[in-house]
Amino acid sequence: MATLQEIDKLTEKYADLRGKLDAEVGALEEELEAAKKARLQAIKRLVERAAEAHGELKAAIEDSVSLFTRPKTQILHGVKVGFRKGSGGIEFEDADQVVALIEKHFTKDECELLIITKKKPNKEALEQLGVADLKKVACTVEDTGDVVVIKDTASEVDKIVKALLKEATEEVDA
């Protein structure tokens with residue numbers, strides 16, 4: 001069994017390494033942000049030029065229907081161009097409004113076909129049930145005893161740090 005003094009030293013070591021890791025991730029994020037800023041203007045210009053070229057190509061294809069009768073498409077420079085049968089589709093802006101109108105204008109049976117109802121267990125409510133009731137509904141209770149806590153009390157460390165630490169500790173445990 002370790003003494004509190006030994007745990008204190010191990011905690012200090014862990015905290016120091018977390019700090020170094022946090023600093024490295026911060027430096028990486030700064031470098032990534034600088035790289036994004038350095039390339040962003042060129043990328044925006046190329047996106048605009050590509051959109052213009054797309055528009056010109058689309059107009060040329062629309063004006064040249066006779067070139068795409070059989071076959072309806074061709075691959076030129078690695079890009080498929082031509083015509084295809086439109087797939088059609090239904091669009092709406094407000095799903096809640098569509099549901100309300102379906103419920104207003106259709107029968108209950110028709111509504112069941114036209115509206116998707118997603119059901120899933122409410123974990124917060126299930127946590128209020130006793131073990132016997134949880135067993136009735138095929139739920140099990142796990143980790144109700146004491147578990148080790150090692151949590152940085154400073155600001156939450158970036159997701160990258162957490163993922164790296166989790167991966168490293170899983171490798172050690174395996």
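Residues numbered from 1 in each chain as written. Predicted model: local features only at pLDDT ≥ 70, side-chain atom pairs only at ≥ 80, totals over all residues. Heavy atoms only, no water.

Student: Any details on the overall build of the protein chain? Residues and values, ideally.
Tutor: Per the secondary structure count, the protein chain includes six helices and two strands. When the helices and strands of the protein chain are placed in sequence order, the string is α-β-β-α-α-α-α-α. Across the 174 residues that make up the protein chain, the buried fraction comes to 6%. Look at the contacts in the protein chain between residues 6 or more apart in sequence, and 31% of them connect residues 24 or more apart. Element-wise, carbon and sulfur atoms account for 56% of the exposed surface of the protein chain, whose accessible area totals about 16600 Å². (Helix = DSSP H or I, 4+ residues; strand = E, 2+ residues; numbered from the N terminus. Buried < 20%, exposed > 50% of the residue type's maximum accessible area, 1.4 Å probe, protein only. Contact = heavy atoms within 4.5 Å. Areas by Shrake-Rupley, 256 points an atom, 1.4 Å probe, with all protein chains shown as cover.)

Student: Summarise unusual backbone geometry; cite the residues concerned and give the values.
Tutor: Following Arg 70, the chain continues into Pro 71 via a peptide bond in cis, with omega recorded as -5°. One non-glycine residue with positive phi stands out, namely His 77, at about 55°. Tracing the backbone through its elements, the reader meets His 77 in the loop between strand S1 (73-76) and strand S2 (79-82). Even without glycine at this site, Ala 138 takes up a positive phi of about 60°. Secondary-structure assignment places Ala 138 in the loop between helix H5 (131-136) and helix H6 (159-173).

Student: Describe the pairing of S2, listing the residues and the values that go with them.
Tutor: Here S1 pairs with S2 via four bridges, running antiparallel. Bridging across to S2, Ile 75 finds its partner in Lys 80. A loop of two residues connects S1 with S2, the two strands running antiparallel in sequence, and His 77 in this loop sits at a positive phi of about 55°. (Pairing = 2+ DSSP bridges.)

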